[in-house]
Amino acid sequence: MRLTTTALFVLFALSAVTASSGDRDSAFQWCVATKSAQQCHNPAETLSSSSPKWRTMSLRLTQWTCEDDCRYQCTHVMTDKARAADRPVEQFYGKWAFWRFWGMQEPASVFFSLLNLWAHMWCGFRLRKVMPRRHPMRPFYLLFTLSNVNLWIWSAVFHTRDNPVTEKLDYFSAAFAMFCGLYYSVVRLYHLYDTPQTRHRHRVLRLWALLCFAAFVAHVAYLTLLPRFDYGWNMKVNVTVGLAYNLLWISYSLLNPPYTRFYGISNDHRPRFVLTPLFLGLAMISAVSLEIFDFPPWWRVIDAHSLWHLATVPIIIGWYQFLRFDSLDPSWKEEKSTA
């Protein structure tokens, strides 16, 4: 009787939580309430040991609570029932039911995020190694690398444990990387970097940096000050900024882009790698489409979102190779010689 009363209390509390299709199901809510009453609010279970059986070292390190574990178990109970009855699998709290591993909620996304982190660190190191120390784009490419290292660190953390803090750090890091991508792209393609020839554009560079920084701060402030996080707005901003600088680089491959590829050098000069931004840009846009065509995870491990993270790894490696070829093109030396 006491367990039933506790279950009803927990069930009432759960109804106030923001939900998605699966966790609005009364059967799911009852499952969570019952398990929570048995596992978390049962005096006999609580007093039996100082460390409950469900709470392993990995769950303690990743800060799973007893209620979190009950919700996790019930997502799989309901998914099992849906599979057995040949019904569509539903999401719970905006996510599919994933098998956790060492306390990680979405182990595939964590692993693929770490692959992206490795790709940026390794390729960024190699790029700086081959670029001349006085190359004008060197500090901007470092910003590009560091912003993406920061992004993929927080992506791995967020997919390990999803909570309001890790969610915001992941989303805001992604937005920062997007704005940094747009920033360095305009600097490179419209020649705002610092050389004797382009020094007169230094004021424009400062204004461009201020504009990008102000836009990022305004974006974060807007999302932070709202009563509820506006996921739609966050997605629109990231897609718009990301698409903008992808299109800028795709135009690099055109016969007549809306800029000169190298300052003071005619666009008749088409380096052998000129089509690379086109292929990589289209590949990135195609990879993002995985976010649109979502599906229940294979083996409850790999879903469309994790595949998107996997797809970006070879694109990143290819992009750094392009930046390497572009930065070592003889046209940079010709720019200096005409100064």
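Residues numbered from 1 in each chain as written. Predicted model: local features only at pLDDT ≥ 70, side-chain atom pairs only at ≥ 80, totals over all residues. Heavy atoms only, no water.

Structural notes on the overall build of the protein
Tallying secondary structure elements over the protein gives 13 helices and zero strands in all. In the protein, the succession of α and β elements from N to C terminus is α-α-α-α-α-α-α-α-α-α-α-α-α. For the protein, the proportion of contacts with a sequence separation of at least 24, taken over those separated by at least 6, is 70%. Carbon together with sulfur atoms contributes 67% to the accessible area of the protein, which is approximately 18300 Å² in total. (Helix = DSSP H or I, 4+ residues; strand = E, 2+ residues; numbered from the N terminus. Contact = heavy atoms within 4.5 Å. Areas by Shrake-Rupley, 256 points an atom, 1.4 Å probe, with all protein chains shown as cover.)

A look at the packing of helix α8 (residues 164-189) against helix α10 (residues 231-250)
Look at α8 against α10: their axes get within 9 Å of each other, and the N-to-C directions meet at 25°. One finds that α8 runs roughly parallel with respect to α10. Considering the relative orientation of α8 and α10, their crossing is left-handed. Taken together, the residues that form the contact of α8 with α10 break down as 16 nonpolar, five polar and two charged. (Axes fitted to C-alpha atoms, helices over the stretch in contact; angles between N-to-C directions. Parallel < 35°, antiparallel > 145°, perpendicular 65-115°, else oblique. Left-handed = near helix turned anticlockwise from the far one by under 90°. Nonpolar A, V, L, I, M, F, W, Y, C, P; charged D, E, K, R; others polar.)

Here we look at the state of the cysteines
Inspection of every chain in the model, using the stated rule, returns two disulfides. Through a disulfide, C40 is tied to C66; the S-S separation comes to 1.9 Å. A torsion of -90° about the S-S bond marks the disulfide between C40 and C66 as left-handed. Residue C40 is located in the loop between α2 (26-39) and α3 (43-48), and its partner C66 is located in helix α5 (residues 66-84); the two are separated by 26 residues in the primary sequence. Each member of the pair, C40 together with C66, is buried. For the protein, numbering the cysteines in disulfides from first to last along the sequence yields the connectivity 1-4, 2-3. Free of any disulfide, C180 has its nearest cysteine sulfur in C212, 8.3 Å distant. (Disulfide = S-S within 2.5 Å. Buried < 20%, exposed > 50% of the residue type's maximum accessible area, 1.4 Å probe, protein only.)

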